[in-house]
Amino acid sequence: MSQRTMRHTLKLLFNRDYRIRSRMNRDIQAYLDALPACFETVQIAGPSYDKHQYNCIITMPASSLLVWSLMYVDEPIIMSWYDEVVRQSLPIWLRQAGRSNGEKATELPIGAFKIIDRRMVEWVKSGAARVWCYSCKQSVTDVSMSKEDKNRVDKSYTSWTDIWRCDAGHTLYKAKSEMRITYISQNFD
Ligand SMILES: [Zn+2]
């Protein structure tokens, strides 16, 4: 056994943090090994993703996503083991982005949409992401976002539908949302 292997084995036996780090690195490698190559454009939303709320294709340059993912990887948030593997793998995957043959965009790796979906509104509004309407068969320059079917039952429950449309009025995104507020009465007697 080489000195380096010996040191690794001893650390594995006695150092909990090192053990966790080793396991994380192994899982990141396994996750990355299963991914396709990343092209310079990444499809960050589409009808096939998770909740089927998007009736459009949204893309973003891998280089812009890389800038975001490098900041995101250092955010002090606690997440599940798997989500952490995805978070740490993203910058490595994006950094290797290469030219594609033609205009094809790479789909997001499994588990990444959930993280990225939270930023979608911001990126679409700022123009960092590009939206493509199926019906118009072209990019949408001005996505209108509205809240419709608002339903406020009482002060503790409200529901609504978020809808995005293109200039021609085609629905690009539709999702029902609700908010429940629980009031806790405090009795001091
Ligand atoms: Zn349209």
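Cut-offs used in this document
Residues numbered from 1 in each chain as written. Predicted model: local features only at pLDDT ≥ 70, side-chain atom pairs only at ≥ 80, totals over all residues. Pairing = 2+ DSSP bridges. Helix = DSSP H or I, 4+ residues; strand = E, 2+ residues; numbered from the N terminus. Axes fitted to C-alpha atoms, helices over the stretch in contact; angles between N-to-C directions. Parallel < 35°, antiparallel > 145°, perpendicular 65-115°, else oblique. Left-handed = near helix turned anticlockwise from the far one by under 90°. Contact = placed C-beta atoms within 7 Å. Nonpolar A, V, L, I, M, F, W, Y, C, P; charged D, E, K, R; others polar. Domains from an automatic or database assignment.

**Here's the deal with the sheet that holds strand β5 (residues 138-140)**
Link 1 in the chain: Ordered in space as β3-β1-β2-β4-β5, the five strands form an open sheet in which the pairing is mixed. Two strands bound the open sheet, and with one partner strand each, they are β3 (106-107) and β5.
Link 2 in the chain: Looking at chain direction, strand β1 (residues 41-45) and strand β2 (residues 56-61) are connected through four bridges and run antiparallel. The residue bridging V42 from the neighbouring strand is M60, located in β2.

**Some remarks on the packing of helix α2 (residues 16-33) against helix α4 (residues 81-95)**
Relative orientation and spacing of two packed helices are given, respectively, by the angle between their axes and the distance between those axes.
Link 1 in the chain: Across the interface, α2 lies against α4 with an axial gap of 9 Å and an inter-helix angle of 60 degrees. Classified by the angle their axes make, α2 and α4 are oblique. In terms of crossing hand, the pair formed by α2 and α4 is right-handed. Along the contact surface, α2 presents M24, D27, I28, Y31 and L32, while α4 presents E84, V85, Q88, S89, I92 and W93.
Link 2 in the chain: Partitioned by chemical class, the residues of the contact of α2 with α4 number seven nonpolar, two polar and two charged.

**Details of the domain arrangement of the protein chain**
Often, the extent of an interface is quoted as the loss of accessible area upon association of its parts.
Link 1 in the chain: Here the domain parsing of the protein chain yields domain 1 (1-34) and domain 2 (35-180).
Link 2 in the chain: Computed from C-alpha atoms alone, the centre-to-centre distance between domain 1 and domain 2 is 34 Å.
Link 3 in the chain: Opposite the six residues of domain 1 that make contact, domain 2 presents seven residues.
Link 4 in the chain: The class makeup of the residues in the side of domain 1 that touches domain 2 is five nonpolar, no polar and one charged.

**Notes on the sheet that holds strand β6 (residues 144-154)**
Link 1 in the chain: Overall, antiparallel pairing links the three strands, which are arranged β6-β7-β8 in an open sheet. Because the sheet does not close on itself, it has two edges, and the strands there are β6 and β8 (171-180). Taken pair by pair, the neighbouring strands of this sheet meet at an average axis angle of 15 degrees, ignoring direction.
Link 2 in the chain: Two strands pair when backbone bridges link them, and β6 and strand β7 (residues 157-165) are joined in this way by eight bridges, in the antiparallel orientation. Pairing of D154 across the sheet is with Y157, part of β7.

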